Amino acid sequence: MSIEHLAETALAMVAAGKGIIAIDESNATIAKRFDGVGIPNTEENRRAYRELLLTTPKLNEYVSGAILFDETIRQSTKAGVPFAKYMADNGIIPGIKVDKGTVPLAGFPGELVTEGLDGLRARLEEYYTLGARFAKWRAVINIGEDIPSGSCIEANSHALARYAALCQEAGLVPMVEPEVLIDGRHDIETCYEVTEVTLRSLFDALYQQNVALEGTILKASMVLPGKDSGEGASVDEVAESTLMCLKSAVPAILPGIVFLSGGQSDEDATAHLDAMNRMGPNPWPLTFSYGRAMQSAALKLWSQDLAGNVAKAQDTVYARARDNGMAAQGQWTRGG
Ligand code: 13P
């Protein structure tokens, strides 16, 4: 697959005022989300919920692509149209989560490494035939006493780079996601330092593995104080720290950066993205790839009436897409 082709897809993913909806929860993760609102975690409920999200009217005004889970890319709408086809027909680029989740990193208590490289080449070939045009791999970096270690960061960067090279070989744009977790008591400066060293390690590994950055998207976490730090940070402080960190570690040739919401409130996730774009021009388009911050309102409404609340739930998905699409252009108005 040519680099031009990958670059074209990457640019379409971060087109002005558009972002990504992440609906790639593994069955274990969606079980937690369903549990939280009392929905039985059956295959049909998972299918119906993903159909609700993906068939939100006019979603493509603000959403360029959606990340699916393995089960979902094999499912169809109630009318029998495979989700990936429905998406492509409606201007939404199909993406797929291809990592197999995290396991403890041997020898490094409290740290994780992401698995899924074995057999990945064949899986990517199949996902391409199923319609996927980009793929996501999430690495998790924990902040705590004496962690993260350099070894953990390097192991995760190496895996991300190996996966990214395989994606490009298969014609899929890699969305590389090194998530620095919000959990913990660390301050915002610590998050800054860990994020910077993680990103530098990642881009070094991508270079070592011959990954073409023109056909790669970074999915980044924002620079925030730890959830249990008791520290607050203003919207501008988060936006400034995140921008400075990205500018110091991410090559300008990258087509775009998307953010995860990572446990922030819906409004914070939008406000932070908006502020970063108001502070532009920036070297890259900055947009969203939110999971929870796109879905939480819809899931709650749907759980109250699975058959009756579909349209209402879709209205909230559209509203969240619009807010975040405006924020991607620095044009969001609070409560507007
Ligand atoms: P959240 O926005 O809920 O953090 O999820 C995004 C994602 O894809 C994490 O891998």
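Below is a summary of the structure that appears in this document. (Residues numbered from 1 in each chain as written. Predicted model: local features only at pLDDT ≥ 70, side-chain atom pairs only at ≥ 80, totals over all residues. Heavy atoms only, no water.)

### What to know about the overall build of the protein
Alright, step 1. When helices and strands are tallied, the protein shows 12 helices and 10 strands.
Alright, step 2. In terms of overall dimensions, the protein is globule-like: its C-alpha atoms have a radius of gyration of 19 Å, near the 20 Å expected for 336 residues.
Alright, step 3. Overall size of the protein, expressed as C-alpha extent along the three principal axes, is 50 × 45 × 40 Å.
Alright, step 4. In the protein, of all internal contacts separated by at least 6 residues, the share reaching a separation of at least 24 is 79%.
Alright, step 5. Only carbon and sulfur atoms are counted for the fraction: they give 51% of the accessible area of the protein, which is about 13700 Å². (Helix = DSSP H or I, 4+ residues; strand = E, 2+ residues; numbered from the N terminus. Rg over C-alpha atoms; globule rule 2.2 N^0.38 Å. Contact = heavy atoms within 4.5 Å. Areas by Shrake-Rupley, 256 points an atom, 1.4 Å probe, with all protein chains shown as cover.)

### Here's the deal with the site of the ligand
Alright, step 1. For the ligand, the set of nearby residues contains 13 residues, the closest of which are Lys136, Lys219, Ser261, Gly262 and Arg292.
Alright, step 2. One of the side-chain N or O atoms of Glu177 is found 3.0 Å from an oxygen atom in the ligand.
Alright, step 3. Residue Gly291 places a main-chain N or O atom 2.8 Å away from an oxygen atom belonging to the ligand.
Alright, step 4. Out of a free accessible area of 300 Å², the ligand has 91% covered by protein chains.
Alright, step 5. Those elements giving two or more residues to the shell around the ligand turn out to be β6 (134–141) and β10 (286–290).
Alright, step 6. When its residues are assigned to classes, the shell around the ligand shows three nonpolar, four polar and six charged. (Near = heavy atom within 4 Å. Polar contact = N/O pair within 3.5 Å; in protein donor to acceptor, adjacent residues only side chain to side chain. Nonpolar A, V, L, I, M, F, W, Y, C, P; charged D, E, K, R; others polar.)

### Re helix α3 (residues 43–54)
Helical geometry note: an α-helix holds 3.6 residues per turn, so side chains three or four residues apart project in the same direction.
Alright, step 1. Taking 1.5 Å as the rise per residue, α3 with 12 residues should run 16 Å; its terminal C-alpha atoms sit 16 Å apart, in good agreement.
Alright, step 2. For α3, the tally of buried residues reaches nine of 12 residues, placing the bulk of the element in the interior.
Alright, step 3. Where α3 is buried, its residues contact α2 (27–37), β2 (63–68), α4 (70–73), α5 (83–89), α11 (292–304) and α12 (310–327). (Expected span 1.5 Å × (residues − 1). Buried < 20%, exposed > 50% of the residue type's maximum accessible area, 1.4 Å probe, protein only.)

### Section: the packing of α2 against α3
Alright, step 1. Put simply, α2 and α3 touch, their axes get as near as 12 Å, and they point 80 degrees apart. Comparing their axes, α3 and α2 come out roughly perpendicular. Where α2 abuts α3, its residues Asn27, Ile30 and Phe34 lie against Asn45, Arg46, Tyr49 and Arg50.
Alright, step 2. When grouped by side-chain class, the residues that make up the contact of α2 with α3 number three nonpolar, two polar and two charged. (Axes fitted to C-alpha atoms, helices over the stretch in contact; angles between N-to-C directions. Parallel < 35°, antiparallel > 145°, perpendicular 65-115°, else oblique.)

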